[in-house]
Amino acid sequence: MKLTTFASITLMVFILTELAAGCGNRVKKRNDRNRISYNYDVRPILSDKCFVCHGPDKNKQEAGLRLDIEANAKAPLRETKGAYAIVPGKPEASELIKRITSADPSYQMPTPESHLGVLNENEIRILTRWIEQGAPYEKHWAFIAPRKLPLPDIGNKEWARNEIDYFIAEKMEEHQLQPNAAADKSMLLKRVSLDLTGLLPDLQMQQAFENDHSSTAYEKAVDRLLASPQFGEKMALHWLDVSRYADSYGYQDDDIRTQWPYRDWVIHAFNSNMPYDQFITWQLAGDLLPNAGKEQLLATAFLRNHKITEEGGVIPEEYRVEYIIDKVKTYSKGILAMTAECAQCHDHKYDPISQKDYYRLFAFFNTSREQGLEGLVNSGPAKTPMLTLTTEDTQNLLRFINRKDTTRINVSVMGELDTPRTTYILNRGVYDQHGPPVTVGALQAVMRFDTMAYPKNRLGLAQWTVNKQNPLTARVFVNQLWEQFFGKGIVKTVGDFGMQGHLPTHPGLLDWLAVDFMEQGWNIKKLVRKMVLSATYRQSSKIDPRAMEKDPDNVYYARSPRIRLAAESIRDVVLGSSGLLNKTIGGPSVKPYQPKGLWEAATSGRGALTTYSQDSDSDLYRRGIYTFIKLTVPPPSMIIFDASNRDQCEVSRLTTNTPLQALIMMNDPTVLEASRVFAERLSANDPRAAIGTAFESILCRRPTATEMDILKKYYADQLQVFNSKKKEAERTIAVGEYPHHSKPSDIVKTAALMRVINMIYNMEEAIVKV
């Protein structure tokens, strides 16, 4: 009896302890939710309503008050004796609260003359509670090292497939949203194939996936796509925008330059799953690594892809400085998502980057061997360190490069001077206005450089950049990848993690992924796999009216976004679905169809690129990533679909919607030729079967009965037109250089089917990932 009583008491104590702990956890969570965050709750209000007059712009400051600096905000007010803008713990004594709640126009803040509008009740409540809690300021969120917090407690645990979904579900539940059902298999395969390879799955892959009813069918498809050599091409496309890769020098004469081996190295790096820290280190300082080989040297072309003048009469030092400014911007924007270039002429207005800090960063790149003037047109290689690649190199050391010729290739790469230059702060950013000298140093607000034993060169900068304590590097790359797969970044301003950038919508998720990425050895494929295997990614893109009303911008990911394909992928989809695509990886860039006269109109008449020499045969059908990019005349059809013109570092592309895009899809020679070749290959089939095959190849699903009826009617109408106008049929299929397969008796049928296929290519779904 005593034992039973003792056991009962022990059990009761255990239950009470657990209940108390649970209650404590709930209280802690409730307190955490009630805790006002300066970064996420307060600063957005101050930035919107107060910083115009009381922020970082010294020229517009009123009353000597800066609310963005804690010491200033809590100091005695200069113009109101005995008063303080903020009195920690005492909102009733804080001039800030008095003024934002006042109805007196002569006392009220913001003033009526500012036209900023009064604060609403919620904003006043947030500021009042924040001051009650002591008005704690915080370091900018992006400069605080990410932490891998425990996964949120969610109600819909059955929905979650991996850690990503816990963070997404938490926000959905906070906003009374429900996730969409999973996309059907055909759309899911199309989506993930486009995201991982930039190509549609062929009919064989579609059918195999549809027939695989195992629980791991999708995972197996993802793993096959990750192992595909086309994965590297798709991933490289974004990085080539970051690294401003192009095939010409830019500026007026804009002659040809052979940087394409760097492009092929990037493809190879992604295909071989090179860890991101190594990927960055080689590009920033491969030449400074111990026993550096040609591959490490080639990677440093990342810093040489900037525009280079070939003109006579320029001031060499002016352009040399311009090149370094470009390197600093590419590094800071592409890798750190910081707008450091704002400090070129003066201290940054918004971010804690002084002009001295800017030129300390500038100093890392100021010791490289180069001249500002590269020489006259046709004078030979640019006067920068050149990596010469021989046939033997490409066959052995650099086997990932597919060479057609056996000539030597010269690539601009990095190399250090024996005696480093002295770096000066440049007054107002002018190349010859030297101020005080500075030594190398990274952005101090991000993480100290001089407290660690880093080499005082680009290798030290690379080590600082990939140090796991650096709060930006992993976050920034995770955010860039998230945008690629989900349409927008967790931080919407992908290239700006500074004070003027957007706050992360899911900060816990961003930090968890960033820390996990580093813990997993900076493994890019593992990070990508986690994203595309999540339930968040697998949702359908169907729009629920109630969810649309609550969350029109899909901030909380209650559905899959509809995303227009990149310009290069649109070309690849057309060529791939028609059977025209040449899948050769790497090699010199190619020149596909282009309207006549464009190059000539924008060229000075000197150099190798004065006229456009279109390629032929299989080179006409290479993937978009291999299209020749002349900086002064970028590929017109791709620019219309918002491709980067590559004249500067870009981390995110705009997406526009213009009538010119429809005209491209209806009239571009590549699209018409693909429609013709596809029609010729299908013309022997029954018309209904041919239309069905084309539809499924392009849209990755079977047509509905209504769609089939429309397409069959259109085919019949076109057949009638061409039967009465056979010459018109001949002119219709007389497009493109690919050999014809139609017999004379098939011309009418082929022309009609070609029109139908072109109509399918012009369906929105053909160029949109859903």
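Since we're looking at a predicted model, the values are computed, not measured. By convention here, each chain's residues receive numbers from 1 onward along its written sequence. A pLDDT threshold of at least 70 governs which residues receive local features in this predicted model, and a stricter bar of 80 or more applies before side-chain atom pairs are shown or counted, although totals over entire chains, interfaces and linings include all residues. Excluding hydrogens and water, the side-chain figures rest on all heavy atoms present in the structure.

## A word on the overall build of the protein chain
Piece 1. When you go through the protein chain residue by residue, the secondary structure sums to 32 helices and six strands.
Piece 2. Remark: exposure states derive from per-residue accessible area (1.4 Å probe, protein chains only) relative to the maximum for the residue type, with buried under 20%, exposed over 50%, and partly exposed in between. Considering the protein chain as a whole, with its 770 residues, one finds that 54% of them fall into the buried category.
Piece 3. Residue pairs in contact within the protein chain that sit at least 24 positions apart in sequence constitute 69% of those at least 6 positions apart.
Piece 4. Taken as a whole, the protein chain presents about 34,100 Å² of accessible surface, with 53% of it coming from carbon and sulfur.
Piece 5. On the protein chain, the mean spot of the 96 positive side-chain charges and the mean spot of the 92 negative ones are 3 Å from each other. Labels follow the DSSP assignment, with helices taken as runs of H or I lasting at least four residues and strands as runs of E lasting at least two, numbered in each case from the N terminus. Any pair of residues with heavy atoms lying within 4.5 Å of one another is described as a contacting pair. Using the Shrake-Rupley algorithm and a 1.4 Å probe, accessible areas are obtained, with residue cover drawn only from the displayed protein chains. In this tally, Asp and Glu contribute negative charge and Lys and Arg positive charge; neither His nor the terminal groups of the chain are included. By convention, charge coordinates are those of NZ in Lys, CZ in Arg, CG in Asp, or CD in Glu.

## Here's the deal with helix 30 (residues 705-724)
Piece 1. Multiplying 1.5 Å by the helix residue count minus one yields the expected span of that helix. Here helix 30 spans 29 Å end to end across 20 residues, near enough to the 28 Å set by a 1.5 Å rise per residue.
Piece 2. For helix 30, the full list of buried residues reads E707, M708, L711, Y715, Q718 and F722. Along the axis of helix 30, the buried positions cluster into a sector of 95 degrees, meaning they face one direction only. Relative to its buried face, helix 30 has exposed residues pointing more than 90 degrees away, namely A705, T706, K713, Q720 and S724.
Piece 3. Residues of helix 30 that are buried sit in contact with helix 29 (687-699), helix 31 (726-733) and helix 32 (747-761). Directions pointing from the helix axis toward each C-beta atom define the arc.

## Notes on the packing of aromatic side chains
Geometrically, a pair of aromatic rings is defined through the distance of the ring centres and the angle of the planes.
Piece 1. Pairing of aromatic side chains here covers Phe, Tyr and the six-membered ring of Trp, requires ring centres within 6.5 Å, and sorts the geometry by plane angle: under 30 degrees stacked, over 60 edge-to-face, intermediate tilted. Applying the stated criterion to the full structure yields 32 aromatic pairs.
Piece 2. Taking 6.3 Å as the distance between ring centres and 90 degrees as the angle between the ring planes, the aromatic pair formed by W239 and Y276 counts as edge-to-face. Of the two residues, W239 is situated in helix 11 (residues 229-242) and Y276 in helix 13 (residues 276-285); the sequence distance between them amounts to 37 residues. Here W239 and Y276 have matching classes, each one buried.
Piece 3. Both rings, one in W482 and one in F486, keep their centres 3.9 Å apart while their planes meet at 20 degrees; by these two values the pair is stacked. Of this pair, W482 and F486 both sit in helix 19 (residues 473-486), separated by four residues, roughly a single helical turn. Residues W482 and F486 agree in their burial class; the two are buried.
Piece 4. Put simply, the rings of W239, Y262, W265, F270, Y276, F279, W282, F302, F477, F517 and W522 pair up and form one aromatic cluster.
Piece 5. Charges are assigned to positions over rings by a cutoff of 6 Å between ring centre and Lys NZ or Arg CZ, combined with an angular limit of 35 degrees from the ring normal. Between K185 and the ring centre of F209, over which it is positioned, the NZ or CZ distance is 4.6 Å.
Piece 6. Here R191 stacks its cationic end above the ring of Y537, 5.7 Å away from the centre of that ring.

## Observations concerning the confidence of the model for the protein chain
Piece 1. A score between 0 and 100, pLDDT records how confident the predictor is in each residue. For the protein chain, the mean per-residue pLDDT works out to 90, and 92% of the residues sit at or above 70.
Piece 2. In the predicted structure, residues 1-31 sits below a pLDDT of 50 and forms one contact with residues beyond four places in sequence or in another chain.
Piece 3. When the criterion is pLDDT under 50, residues 373-382 qualifies, and its contacts beyond four places in sequence or with other chains add up to 28 contacts.

## Here we look at the packing of helix 28 (residues 669-682) against helix 32
Piece 1. Every axis corresponds to a line fitted to the C-alpha atoms, with the helix fit spanning only the stretch in contact, and the corresponding angles, defined between N-to-C directions, vary from 0 to 180 degrees. It is the contact of helix 28 with helix 32, at a shortest axis distance of 8 Å, that shows an interaxial angle of 125 degrees. Taken together, the axes of helix 28 and helix 32 lie oblique to each other. The two elements helix 28 and helix 32 meet at a crossing, and its hand is right-handed. Facing V671, L672, A674, S675, R676, F678, A679, E680 and L682 of helix 28, the residues of helix 32 in contact are T750, L753, M754, I757, N758 and Y761.
Piece 2. Polar here means any residue other than Ala, Val, Leu, Ile, Met, Phe, Trp, Tyr, Cys and Pro, which are nonpolar, and Asp, Glu, Lys and Arg, which are charged; Gly is therefore polar. Across the contact of helix 28 with helix 32, the residue classes tally to ten nonpolar, three polar and two charged. When describing relative orientation, an angle under 35 degrees is termed roughly parallel and one over 145 degrees roughly antiparallel, while 65 to 115 degrees is termed roughly perpendicular and anything else oblique. Each helix crossing is assigned a hand: it is left-handed if the near helix lies turned anticlockwise from the far helix by less than a right angle, otherwise right-handed if that turn is clockwise.

## Side note on the environment of Y424
Piece 1. Secondary-structure assignment places Y424 in strand 3 (residues 423-426).
Piece 2. Residue classification places Y424 among the partly exposed residues on the basis of a relative accessible area of 28%.
Piece 3. In this structure the C-alpha to C-alpha distance between Y424 and C649, which are 225 residues apart in sequence, comes to 25 Å.
Piece 4. With sequence-adjacent residues up to four places away left out, Y424 is seen in contact with Y359, H434, G435, P436 and P437.

## Observations concerning helix 6 (residues 121-132)
Piece 1. In this model helix 6 runs 16 Å from its N-terminal to its C-terminal C-alpha over twelve residues, within 8% of the 16 Å that 1.5 Å per residue would give.
Piece 2. Every buried residue belonging to helix 6 is among E123, I124, I126, L127, T128, W130 and I131, and all of these are buried.
Piece 3. Residues adjacent in sequence count toward polar contacts only when both atoms are side-chain atoms; beyond that, a polar contact is any pair of N or O atoms within 3.5 Å, and within protein one must be able to donate a hydrogen and the other to accept it. Its side-chain oxygen 3.1 Å from the backbone nitrogen of N122, N120 forms the N-cap of helix 6.
Piece 4. Downstream of helix 6 by a residue or two, G134 has a phi angle that is positive, lying close to 105 degrees.

## Examining the side chain of R244
Piece 1. Turning to its location among the elements, R244 is positioned in the loop between helix 11 and helix 12 (260-271).
Piece 2. Every residue in contact with R244, bar those within four places of it in the chain, is listed here: F302, L303, N305, H306, D326, K327, T330, R646, Q648 and C649.

## Topic: the pattern of salt bridges
Piece 1. Salt bridge, as applied in this entry: a Lys or Arg side-chain nitrogen positioned within 4 Å of an Asp or Glu carboxyl oxygen. As enumerated under the stated definition, the model contains 34 salt bridges in all.
Piece 2. The residue E70 makes a salt bridge to K74 at a minimum N-O spacing of 2.7 Å.
Piece 3. In this structure, the salt-bridge partner of K727 is E730, at a minimum N-O distance of 4.0 Å. Placement of both K727 and E730 in helix 31 is noted, with a separation of three residues, approximately one turn of the helix.
Piece 4. In this structure K727 comes out as exposed when scored by relative accessible area, which is 58%.
Piece 5. Salt bridges sharing common partners tie together D241, E568, R646 and R653.

## Looking at a nonpolar patch on the surface
Piece 1. The patch calculation keeps residues exceeding 30% relative accessible area without a salt bridge and links them within 9 Å when they carry like charges or within 5 Å when they are nonpolar (Val, Leu, Ile, Met, Phe, Trp, Tyr). Taken together, the side chains of L660, L663 and M666 define a hydrophobic patch exposed on the protein surface, amounting to about 270 Å² of accessible area.
Piece 2. Its place among the elements puts M666 in helix 27 (residues 659-667).
Piece 3. With relative accessibility at 38%, the residue M666 sits in the partly exposed group.

## Some points on the side chain of E673
Piece 1. On the secondary structure map, E673 appears in helix 28.
Piece 2. No salt bridge is formed by the buried E673, whose closest oppositely charged neighbour, R676, lies at an N-O distance of 4.0 Å.
Piece 3. Residues contacting E673, with those up to four places away along its chain left out, are L580, Y593, Y621, V735, G736, E737 and Y738.

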